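# Structure at a glance
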Amino acid sequence: MIYHDIFEKVKAAGRELAQIPDNVRNRVLTGLADAVIRNKDMLLAANADDLSRMDRRDPMYDRLMLTARRIDDIARDIRHVAELPSPLGHTCGTKTLPNGLHLWRVSVPFGVIGVIYESRPNVSFDVFSLCFKSGNACILKGGHNAESSNRAIVGLIKDTLRDNGLCPRHSVELLPPTHEAAAELLAAVGYVDLCIPRGGKRLIQFVRDTARVPVIETGAGVVNTYFDADGDAEMGTRIIYNAKTRRVSVCNALDCLIIHRSRLADLPRLCLPLAGKEVRIYADDEALKALKGQYPERLLRQAESDSYGTEFMDYMMSVKTVPSLDAALHHIAVYGSGHSECIITQNADAAEKFKRCVDAACVYWNAPTSFTDGAQFGLGAEIGISTQKLGPRGPMGLEALTTYKWIIEGNGQTRE
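Note that the structure is predicted; figures quoted are calculated from it, not measured.

Attention shifts here to the sheet that holds strand S16 (residues 402–409). If you walk across this open sheet you meet the three strands as S1-S2-S16, and the pairing is antiparallel. Sheet topology places strand S1 (91–96) and S16 at the edges, where each strand pairs with a single neighbour. Here the average twist between neighbouring strands, direction ignored, is 20°. In terms of strand pairing, S1 meets strand S2 (residues 102–109) through five bridges, oriented antiparallel. Each bridged residue has a counterpart across the sheet, and for Gly93 the counterpart in S2 is Arg105.

Core analysis: the biggest nonpolar cluster contains 48 residues, and Val36, Phe125, Phe128, Ile196 and Ile383 have the highest contact counts within it. When residues of this core are traced back to their parent elements, those giving at least two are helix H2 (22–38), helix H3 (40–51), helix H5 (68–83), strand S3 (112–117), helix H6 (122–133), strand S4 (137–141), helix H7 (147–163) and strand S6 (194–198). Apart from residues lying up to four places away in sequence, Val36 is in contact with Leu43, Ile71, Ala75, Ile78, Phe125 and Leu156. Among the nonpolar cores identified, the runner-up in size contains 31 residues, and Ala283, Leu291, Leu300 and Tyr364 belong to it.

The full count for this structure, using the stated rule, is 27 salt bridges. Notably, a salt bridge pairs Asp72 with Lys40, separated by 2.7 Å at the nearest N-O pair. Separated by 32 residues along the polypeptide, Asp72 in helix H5 and Lys40 in helix H3 bring together distant segments of the chain. We classify Asp72 as partly exposed; its relative accessible area is 33%. For Arg53, the salt bridge identified is with Asp50, shortest N-O distance 2.7 Å. Ionic contacts of the salt-bridge type, sharing partners, join the residues Asp22, Arg25 and Lys133 into one network.

What counts and what doesn't
Residues numbered from 1 in each chain as written. Predicted model: local features only at pLDDT ≥ 70, side-chain atom pairs only at ≥ 80, totals over all residues. Heavy atoms only, no water. Pairing = 2+ DSSP bridges. Helix = DSSP H or I, 4+ residues; strand = E, 2+ residues; numbered from the N terminus. Axes fitted to C-alpha atoms, helices over the stretch in contact; angles between N-to-C directions. Core = buried A, V, L, I, M, F, W, Y, C linked by side-chain atoms within 4.5 Å. Buried < 20%, exposed > 50% of the residue type's maximum accessible area, 1.4 Å probe, protein only. Contact = heavy atoms within 4.5 Å. Salt bridge = Lys/Arg side-chain N within 4 Å of Asp/Glu carboxyl O.

Written as C-alpha cells, this is what we have:
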C-alpha cells in the first residue's frame, strides 16, 4: 500500500482531533477564513494554472473556476461553519433499565472521512471545514483538472493548522489525482471510516462498485420541474430560467421540463429567456410543435430516447408533454435520480400530492431546485448531497458527519 504512512498519520490525527475543544476548532476555522482572504491572489494564481489547461467552452470550466467573489463566499461559509453549534456530545437518547443500568446514546465523530471529487476546488475547503468542525480527519482525492488549486488550498489549510499548535497537521491530507490513489483510498479498511464521492454518474458508480470501506452515495442530479395545469406562467418563467441557467454544471441544475398538455400555449413564454443563454432544447413532438417559430430554430432538437434521464451539466434541457399530474409523477419515477424535483402550480391539492408521491431527497413547490445546497439550507456548507435512503439524505452538513456510541453506567450489576 503506497499511501500506508499517510493513512496511519491521518488516523492518528483523527483520534487526537476528537479530543480538541470546540472553541479551539472554531478558532482554527476563523483563522483559516482570514487566511483565505489574505491569500486570495495566491489561490487565484493556482486556479489560473488549472484553468489554462481547460477549454473555456467546456461547461466544467465554470465549475473549476475560482473568482474573487467565490473566494469571499468560501471564507464566509467557513466562518458560518465555525459559528454553528458543535454536533458532538449530543445525547440522542437515554433510558434506565429495570436493573438500574443507565444508558446514553451520544454523538461522536466517524474518525477519518475520505472524499473523492472532481473539478470543484471549493470542495476542498467545504470538506475540511465540515470534517474539522465535527471532529473528523479527512483524506482528499481531487481530480487532475484542479490539481494546482487543491495543492494550494491544502497547503494553506496545513499552514493554518501549524500556526495553531494544538491541532494535528495531518487532520487533512491530499492524495495525488490518480486512479491508483483512488483505489487505495477505497480499499483502506481499518484507516478510512467512511468514503463520500462527489461528482458525475461514472465516478459515483466506480466508488460504489469498488469500495471496501463504507460509502455514502451522493448521486447524480437528474432534475425535473413539472409545470402543472394550474401553474403561474410568470412565476414558472423565473423558476425555470433560474433552475436551468444559474450554474449549468452543478447537480441541482434543471435537466427536464415536464409540462401539462393544457399549457403548451405557454411553453414559448416559459422557455424564451433560455434562448439568451443559448440553451438547446430537446422537445417531444407536441412541445416541438408549440416551440416552432417561437424559439430559435438552431436551438431546437427532436427529443430522443436518451434525452430523458440525462444529467446534461450543460446549456441543454429536454421537454416532456404529459396529460396529467399522474403522468408527470410516472415520468419522474422512471427518469429521476432521487435528487431534486419541483412542481409549479397554484393548486394546493396537486402540490400536496406531488410532495407526497415524489421519491427524492428534495421536493420543491414553486421554487427552483437551485436552492438544493448546504449553505442555502443553513448548514454552513455541504460535503455532498446524498440520494440514498439509508443514513443521511439531501445536503449533508455537520450532523451527517457524526455517528454515535452507547455509554452505559452501572453500580456493580452483573448479568444472569
